[in-house]
Amino acid sequence: NSSQLSSLPLQILLYVNGVYYIFYFLATLAMIIYKSQVFSYPDDFLAPDLAVLFLMAILEVPRLYLGFKGNLTEAEAPLGLSLGLTVGSVLLCVYLLLWQTYVLWADVLLNALLLSAYALESGLKVTAIAAFVS
Amino acid sequence: PSNTRDAAQARVRSAPSPATDVARLCVCDLLVAQCDTNCCCDPDCSAEDFALFTACSVPVVTGDSQLCSQKAAVYSLDVEANPPERIFKLIDQVNPSIFCIHATNYKQALYLKSPEIPTAENFDQLLDKFGGATFSAEPDSWNLDTDAQNPPEANETSRYEYGVPVQTEDAFLRLPSPVVSSWCSDANPAGFLVNQATKCIRSVSVEKCDSIQALSMLFYINSSILASVFQVNITVQSIVVQSLNGMRTLLSSSDVLRLPMVLDDLCINAVLGVNYHITHTDTGEIIEAAAAFVLGAISKEALSIEQSFEISFTQENTQPVPLSGNPGYVVGLPVRAGFQPQGYPFPAAFLFASLALSSNKHSQLTILHSTSTQDCLAAQGARAPVLFGYNMISGCKLRITAAMKCQPLAQTLLDVLKGQSFPEFVASFGNSQVQDVLDWVPITQLLISEQMIFHTLQSSCQIPVSLGIEVKWTKYGSLVNPQARIVNVTATITTTTLKQLPPGRERIIPITSSVVFTDISSPAEPSYKAWPTINIKLPFDFFYPFV
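Residues numbered from 1 in each chain as written. Chains lettered and ligands numbered in written order. Predicted model: local features only at pLDDT ≥ 70, side-chain atom pairs only at ≥ 80, totals over all residues. Heavy atoms only, no water.

## What about empty space enclosed by the protein?
Residue and element names in this part refer to chain B. Tallying each qualifying case throughout the model produces three cavities of 30 Å³ or more. Lining the largest cavity are T168, F172, L173, R174, F219, Y220, S223, I234 and Y276. For the lining of the largest cavity, the residue count by class is six nonpolar, two polar and one charged. (1 Å grid on protein atoms, 1.4 Å probe; cavity = no way out; pocket = protein on both sides within 12 Å on 5 of 7 lines; lining within 4 Å. Points joined across faces, edges and corners; volume = space filled by probe spheres on them. Nonpolar A, V, L, I, M, F, W, Y, C, P; charged D, E, K, R; others polar.)

Next up, the structure:
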């Protein structure tokens, strides 16, 4: 029982989150393309949905990187920044879950899974920060 | 009133809202207030009607099946119950696919779009959006070249064809003519190249004569004729004034328009006749139009007057000569003939000269016209025109007395037989123009003396007793529409010796003249198609190893 403050569950979760997010991004993009072909998807409804998805992808990269860095170096500042970015990602995820133009059942599953991962991650980050600070 | 109009407009502006309640939708309910057969969802049907159904034509009414869960109305017939009854169930239908629509935030996603009702405000914007070529149903509007429309119209009014009504500014050039009865009808259009002459009766009243349009000159010349790119005005060629007793005077100045007016008890300057002369080019374009008027006076007692109208078409730079066919001769029309002008004695020179044609019909090819007196010397001058295709024979009797001298008698008889001006050339076609010298056939004149048969030359004088004109014609042109063409004209004069009569005696000799038309056209030869030949050729290296 060394004085290792880095949280192993958080690391595992961050890693899984990264892999899952790649799958989530590709799946959501494919479904938006499918929806635009099958349903009536006018341009001024398609643009916000695509913008949110890409914004979430852009946010995800620094968020995961800061999480990894903070957890491994046991520094609370990057972890705190990562937590802040997580809040943004959560909001975008909620948008895709509730306020997308067409919410398919698969959308519901993917987003719910991502949201639960974010929630769990946030909890673990808070505990890790508490452990690093003290 | 403005309130109701606004309300009505407000109602019109929005289309009716779509029906979305599944329980109330019924596709098979077509008859209003009546039960449709086998339509289980029809609200007009009662339980007794359901008992008579055999099946449900519409078993289920659902919304969009792509939704994850939706309401569905299921209709079925329970045939085991007695009497059969309809079962109506409202269930939730679940779409098991993972790509079913869980929710949608886009109102019009699952419904057809209601079209925007055009109003005064959004009309321009809608026209911009939907008025382009991609929304147009007709391919003609894709052609943005509007200039292409104009040239065909210009061509149609510039060139007239035979029989086409001559167009004027407002309608057609009118030639009043009697229709059914003898009363004038103003609705008869003048056809191009159709020479017409009509007479009809018009009812008049002297008191209102200045208000009757058909009696004033203006009515006949006020519209201008449409021709190519400009319009041809109808000019007044001449005015002839006819007095009440029928005497006609030609007015020297025809510029002044004379309109009908009431003078004492008469109506003067009323139009009694109009003669249109239209000049055209050889391609059918009208270049000039002139009208010659006959004005007269109408007395108070007259209730109707007779008006006569005529129209004639002349090609420019030609004399107005009536054609006898176009181009071949028409049976029954006079054979056209003419003279070589004086001063051209050399035969070769006439190739460069034109013939002088006279429109006086007595200078045409004519033969002696038999009269009732049958006396050659008394009926000098009665001639009949030679009509194409009609063989004619005519004659008269000559009474010879002892006192008659031979030479003057021979000359007189020659005049009687040939007429005052016997032509030298005959037109080979019915429409031969005077300028085309080669289209005219010279008349060959033969002189036959009856006494020559006996091979004795008598020194006594000969008098002509018969003239025979033989016209040889042929069929020219296509087999289905052959045109008659005169090839040869021979005038044969037969003379006989005048024997000196003892004094007091007289003799009667018949004098005859005849015209015979002979068809010398060669019959059509049938020709057959060549037998088909079999064209087989071996390739040149067919016998390769051996050759």
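Here the narrative resumes.
## Concerning the UniProt feature "transmembrane region" (unreviewed entry) in chain A
Taking the numbering used here, the UniProt-annotated feature "transmembrane region" (unreviewed entry) corresponds to residues 12-34, 46-66 and 78-97 of chain A. End C-alpha atoms of residues 12-34 of chain A are separated by 33 Å, and the span's content is 100% helix alongside 0% strand. (UniProt positions renumbered as here; feature names shortened; annotations may be inferred. Helix = DSSP H or I, 4+ residues; strand = E, 2+ residues; numbered from the N terminus.)

## Details of the sheet that holds strand β19 (residues 392-401) of chain B
Residue and element names in this part refer to chain B. The seven strands lie next to each other as β16-β20-β21-β23-β22-β24-β19, forming an open sheet whose pairing is mixed. Every interior strand has two partners, whereas the edge strands, β16 (337-338) and β19, have only one. In the sheet, β16 pairs with strand β20 (residues 425-427) via two bridges, with the strands oriented antiparallel. Across the sheet, A337 pairs through a bridge with V426, a residue of β20. The sheet contacts of helix α6 (residues 406-418) involve β19, β21 (440-449), β22 (462-477), β23 (482-497) and β24 (506-519), and relative to β22 the element is tilted by about 25 degrees. (Pairing = 2+ DSSP bridges. Contact = heavy atoms within 4.5 Å. Axes fitted to C-alpha atoms, helices over the stretch in contact; angles between N-to-C directions.)

## Regarding a nonpolar patch on the surface
Among the surface-exposed residues, Y34, V38, W105 and L109 of chain A together with I98 and F99 of chain B lie close enough to one another that they form a single nonpolar patch of about 520 Å² accessible area. At the level of secondary structure, the elements contributing two or more residues to the nonpolar patch comprise α1 (8-38) and α4 (105-133) of chain A. Summarising the element assignment, Y34 of chain A is placed in helix α1. (Patch = residues over 30% accessible without salt bridge, like charges linked within 9 Å, V, L, I, M, F, W, Y side chains within 5 Å. Areas by Shrake-Rupley, 256 points an atom, 1.4 Å probe, with all protein chains shown as cover. Salt bridge = Lys/Arg side-chain N within 4 Å of Asp/Glu carboxyl O.)

## Here's the deal with the nonpolar core
All names here are of chain B. Counting residues in hydrophobic clusters, the biggest one holds 42 residues, and the most contacted among them are V335, L365, V426, I469 and I486. Looking at this core, the elements with two or more residues in it are β17 (366-368), β19, α6, β20, β21, β22, β23 and β24. Once residues lying within four places of it in the same chain are set aside, the contact partners of I469 are L365, I367, F422, V489, T490, A491, S514, V515 and V516. Core analysis: the next-biggest nonpolar cluster, separate from the first, contains 31 residues, A190, C200, F293 and I311 among them. (Core = buried A, V, L, I, M, F, W, Y, C linked by side-chain atoms within 4.5 Å. Buried < 20%, exposed > 50% of the residue type's maximum accessible area, 1.4 Å probe, protein only.)

## Section: unusual backbone geometry
Residue and element names in this part refer to chain B. Here N326 and P327 are connected by a cis peptide whose omega angle stands at -10 degrees. Non-glycine residue N38 carries a positive phi angle of around 60 degrees. With respect to the element layout, N38 can be found in the loop between α1 (2-13) and α2 (47-52). Overall, the relative accessible area of 22% leaves N38 in the partly exposed class. A positive phi is found at Q374, a non-glycine position, where the angle reads about 60 degrees. Residue placement: Q374 occurs in the loop between β17 and β18 (383-385).

## Regarding the packing of aromatic side chains
Enumeration according to the criterion identifies 22 aromatic pairs over all chains in this entry. Ring pairs connect the aromatic residues Y34, F39, Y41 and Y102 of chain A together with F99 of chain B, which therefore count as one cluster. If you follow R485 of chain B out to its NZ or CZ, it ends over the ring of Y476 of chain B, 4.7 Å from the centre. (Phe/Tyr/Trp six-rings, centres within 6.5 Å; stacked < 30°, edge-to-face > 60°. Lys NZ or Arg CZ within 6 Å of the ring centre and 35° of its normal.)

## Notes on the sheet that holds strand β3 (residues 85-94) of chain B
All names here are of chain B. Taken in spatial order, the three strands line up as β1-β2-β3 in an open sheet, and their pairing is antiparallel. Each edge of the open sheet is held by one strand with a lone partner, namely β1 (60-62) and β3. On average, adjacent strands in this sheet sit at an angle of 15 degrees to one another, irrespective of strand direction. One ladder, built from three bridges, connects β1 with strand β2 (residues 69-78); its direction is antiparallel. Note that in β2 the partner of V60 across the bridge is V74.

## Some words on the state of the cysteines
Residues and elements named next belong to chain B. Within the structure shown, the criterion is met by eight disulfides over all chains. Paired through a disulfide, C26 and C41 show a sulfur-sulfur distance of 1.9 Å. Note on the C26 and C41 pair: the S-S dihedral is about 75 degrees, so by sign convention the disulfide is right-handed. One end of the pair, C26, is in the loop between α1 and α2; the other, C41, is in the loop between α1 and α2, and 15 residues separate them in sequence. Across the pair, exposure class does not vary: C26 and C41 are buried alike. (Disulfide = S-S within 2.5 Å.)

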